[in-house]
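Notes for the structure review
The residues making up each chain are set out below.
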Amino acid sequence: MDTHGEVHVAAVVCSLGQTLGIKSFPATAVGYRRLLAWARKLGTVRRAGVEGTGTFGAGLSRYLLAQQVVVFEVNRPDRSARRLLGKSDPLDAQAAARAVLNGRARARAKTGDGPVQSARMFKIAKDSAVKARTQAINQLKAVLVVADPALRERLSSLGNRALFRTCARLSPREGEAGGSDEDPVAEATRMTLSMLAQRIEQLTGQIDELNQRLPGSLNAMPRSCSRRWVSARTPLPRS
């Protein structure tokens, strides 16, 4: 199968290498059922070659595996065929089927379920949260450098945790001398510091929650798989 975001192209090839049919189906649950039903009308479906079993073909792979079809990961269409005939979805679909038939595609597709997939999802969320928090911390420190001297001196002696906690509670009109006619730049600076600090605290909460969930997924994995994962706390950077 040649897989895409919205449409999958399937080709059925018999054991002698003859193409029995080529057809496109929507990349939906209904489309998966229609694809397999169509293929089974052309013959017995025992094996399938699917491009992108970890991306566009993930849903189709899971469905086929649930229907007792052995699924193989196909990395790319046969290059010699592409040079001769050019890029086309029907050609790619046939190449995927023939890669399984001739034994070139040997890697079994991952099931995409269970603790391994759960840990993978949690890790994606954690990695993005850590990246976003680091960016927010760097931005907060950069804003602090150009802040009003009185505010900068008040915050400069604080460690990271105390700094973020204090900044998160800053008021836009919290001037040293008070008053409503304060410099608008100072107001904007405190508001920016407060919003960035609140973002940091929110992301820290997400990271802490993901750190609690990851070990549960790792413990449910087979030992050979869990060794490949590292579940480590991601503390706030030191000041």
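Attention shifts here to the overall build of the chain. The number of helices and strands found in the chain is 9 helices and 5 strands. Out of the 239 residues in the chain, the part that is buried amounts to 38%. Of all intrachain contacts in the chain linking residues separated by at least 6 positions in sequence, the fraction that spans at least 24 positions is 59%. In the structure as shown, the chain presents an accessible area of about 14,300 Å², 52% of it carried by carbon and sulfur atoms.

What follows concerns the confidence of the model for the chain. Of all residues in the chain, 79% attain a pLDDT of 70 or more, and the chain-wide mean is 84. Mean pLDDT per element in the chain: helix 9 (residues 223–226) is the minimum at 51, and helix 1 (residues 29–42) is the maximum at 95.

Where a strand is regular, its side chains alternate between the two sheet faces. Burial within strand 5 (residues 70–74) is extensive, with 4 of its 5 residues counted as buried. As paired elements, strand 4 (residues 47–51) and strand 5 share 5 bridges and run parallel to each other. What sits directly across from Gly49, in strand 5, is Phe72. For the crossover from strand 4 across helix 2 (residues 58–66) to strand 5, the handedness is right-handed.

Attention now moves to the pairing of strand 3 (residues 19–26). In terms of strand pairing, strand 2 (residues 7–13) meets strand 3 through 7 bridges, oriented antiparallel. Paired with His8 across the two strands is Phe25, which belongs to strand 3. Counting the residues between successive antiparallel strands, the hairpin from strand 2 to strand 3 contains 5 residues, one of them, Gly17, with a positive phi of roughly 95 degrees.

Here the focus is the packing of aromatic side chains. Scanning all chains against the criterion turns up 2 aromatic pairs. With 5.5 Å between their ring centres and 55 degrees between their planes, Phe25 and Trp38 make a pair best called tilted. Taken together, the residues span a long stretch of sequence, with Phe25 in strand 3 and Trp38 in helix 1 at a distance of 13 residues. Take Phe25 and Trp38: they sit in the same class, and that class is buried.

Analysis parameters
Residues numbered from 1 in each chain as written. Predicted model: local features only at pLDDT ≥ 70, side-chain atom pairs only at ≥ 80, totals over all residues. Heavy atoms only, no water. Helix = DSSP H or I, 4+ residues; strand = E, 2+ residues; numbered from the N terminus. Buried < 20%, exposed > 50% of the residue type's maximum accessible area, 1.4 Å probe, protein only. Contact = heavy atoms within 4.5 Å. Areas by Shrake-Rupley, 256 points an atom, 1.4 Å probe, with all protein chains shown as cover. pLDDT = per-residue confidence, 0-100. Pairing = 2+ DSSP bridges. Right-handed = clockwise from strand over helix to strand, strands pointing away. Phe/Tyr/Trp six-rings, centres within 6.5 Å; stacked < 30°, edge-to-face > 60°.

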